[in-house]
Amino acid sequence: QQIAQRIKEANNILVTVNNNPSVDQLASTIGLTLLLNKLGKHGTAVFSGKVPSTIEFLEPEKTLEKDTNSLRDFIIALDKSKADKLRYKVEDKLVKIFITPYRTSLTDKDLEFSQGDFNVDVVIALGVKQRDQLDQAIVTHGRILHDATVISINTDGNGDLGTMNWVDQKASSLSEMVVSLVEQMQDAKLLDGQMATAF
């Protein structure tokens, strides 16, 4: 219930697996990420390794990302004394940012571009018991784990990776555990054919 509640409160959720995942871990990750996005969350699944051909039918390339780049803010900076107003508009496939100058003119030389912090509220680690088992793409950016609530879900062993650790040795699979988590969130009706196939 605590895990379900924390997921409900979060906006940006990273789902990951260990560095040598089972088919169950990868399939659960795909199903959970699809569900999170259907719930209106920004769910991102990261696995940098080779995906086994046995799950090609789940179209993993559409869900799994190789790195954490999409979790970082992109920052455009400008001397505030040069800007009067800022607004944006969405047109077709473009987001246009409008900066109204204050007693000056602006060019691209007035703008600075940089990468911001990782924007992650919750990390859900499926089948990960210890930090050294994490996918390399996550370990490279340890700050993600420092700033977010880490939830580890396992069917065996005593994992102490997370702020919240759930182990159910009676569960047949991580997929079963994730589906019971969905039921705790009282959103089982959101399960569609694609998610059910993954689980």
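Heads up: the structure comes first, above all this text.
The structure reproduced in this document is the subject of the present report. Since the model is a prediction, treat every value here as computed from it, not as a measurement.

1. Some remarks on the side chain of Ser28
Considering the arrangement of structural elements, one finds Ser28 in helix α2 (residues 23-38). Ignoring sequence-local partners within four residues, the contact set of Ser28 consists of Leu126, Leu174, Ser175, Val178 and Phe199.

2. Quick word on helix α5 (residues 174-184)
Looking at α5, one finds that the buried residues are Leu174, Ser175, Met177, Val178, Leu181 and Val182. Within α5, the buried residues cover an arc of 160 degrees as seen down the axis, which keeps them to one side. Its buried side turned inward, α5 meets α1 (2-9), α2, β8 (122-126), β9 (149-154), β10 (164-167) and α6 (193-198).

3. As for the nonpolar core
Membership of the largest hydrophobic core comes to 35 residues, with the highest contact counts inside it found for Ile7, Ile13, Ile124, Leu126 and Ile153. Only α1, β1 (12-17), α2, β8, β9, α5 and α6 provide two or more residues apiece to this core. Excluding residues within four positions of it along the chain, Ile13 makes contact with Ile7, Leu36, Lys41, His42, Gly43, Thr44, Val122 and Ile124. Ranked by size, the runner-up nonpolar core spans 16 residues in total, among them Leu71, Ile144, Val150 and Leu161.

4. As for the layout of surface pockets
By volume, the largest pocket is sized at about 170 Å³. Lining the largest pocket, in full, are Phe74, Ile76, Ala77, Leu78, Ala83, Lys85, Leu86, Ile97, Ile99 and Leu111. Looking at the lining of the largest pocket, the elements with two or more residues in it are β4 (72-77), β5 (83-91) and β6 (94-101). Residues belonging to the lining of the largest pocket are distributed by class as follows: nine nonpolar, no polar and one charged.

5. Let's talk about the pattern of salt bridges
Tallying each qualifying case throughout the model produces seven salt bridges. Lys96 is the partner of Glu91 in a salt bridge, and the nearest nitrogen-oxygen pair spans 3.0 Å. When its relative accessible area of 27% is taken as the criterion, Glu91 is described as partly exposed. Salt bridges here are not isolated pairs; linked through shared partners, they connect Lys89, Glu91 and Lys96.

About the thresholds
- The residue count restarts for each chain, going from 1 along the sequence in the order it is written.
- Local features in this predicted model are restricted to residues of pLDDT 70 or higher, and side-chain atom pairs are both shown and tallied only at a pLDDT of 80 or more, whereas totals for entire chains, interfaces and linings draw on every residue.
- With hydrogens and water set aside, each side-chain value is computed from the structure's full complement of heavy atoms.
- Where helices and strands are cited, they refer to DSSP runs of H or I of at least four residues and of E of at least two residues respectively, numbered from the N terminus.
- Contact between two residues is taken to exist if any of their heavy atoms lie within 4.5 Å; hydrogens are not considered.
- Relative accessibility thresholds used throughout: buried, under 20% of the residue-type maximum; exposed, over 50%; partly exposed, between the two (1.4 Å probe, protein chains only).
- The reported arc concerns the directions from the helix axis to the C-beta atoms and nothing else.
- As used in this record, nonpolar core signifies buried Ala, Val, Leu, Ile, Met, Phe, Trp, Tyr and Cys residues forming a set joined through side-chain atoms within 4.5 Å.
- The rule is simple: put a 1 Å grid over the protein atoms alone, call a set of points where a 1.4 Å probe fits but cannot get out a cavity, call an open set with protein on both sides within 12 Å along at least five of seven lines a pocket, and count a residue as lining if it has an atom within 4 Å of a point.
- Grid points are joined across faces, edges and corners, and a volume is the space filled by probe spheres set on the points.
- Three classes are used, and their members are as follows: Ala, Val, Leu, Ile, Met, Phe, Trp, Tyr, Cys and Pro are nonpolar, Asp, Glu, Lys and Arg are charged, and the others, Gly among them, are polar.
- Whenever Lys or Arg places a side-chain nitrogen within 4 Å of a carboxyl oxygen from Asp or Glu, that contact is recorded as a salt bridge.

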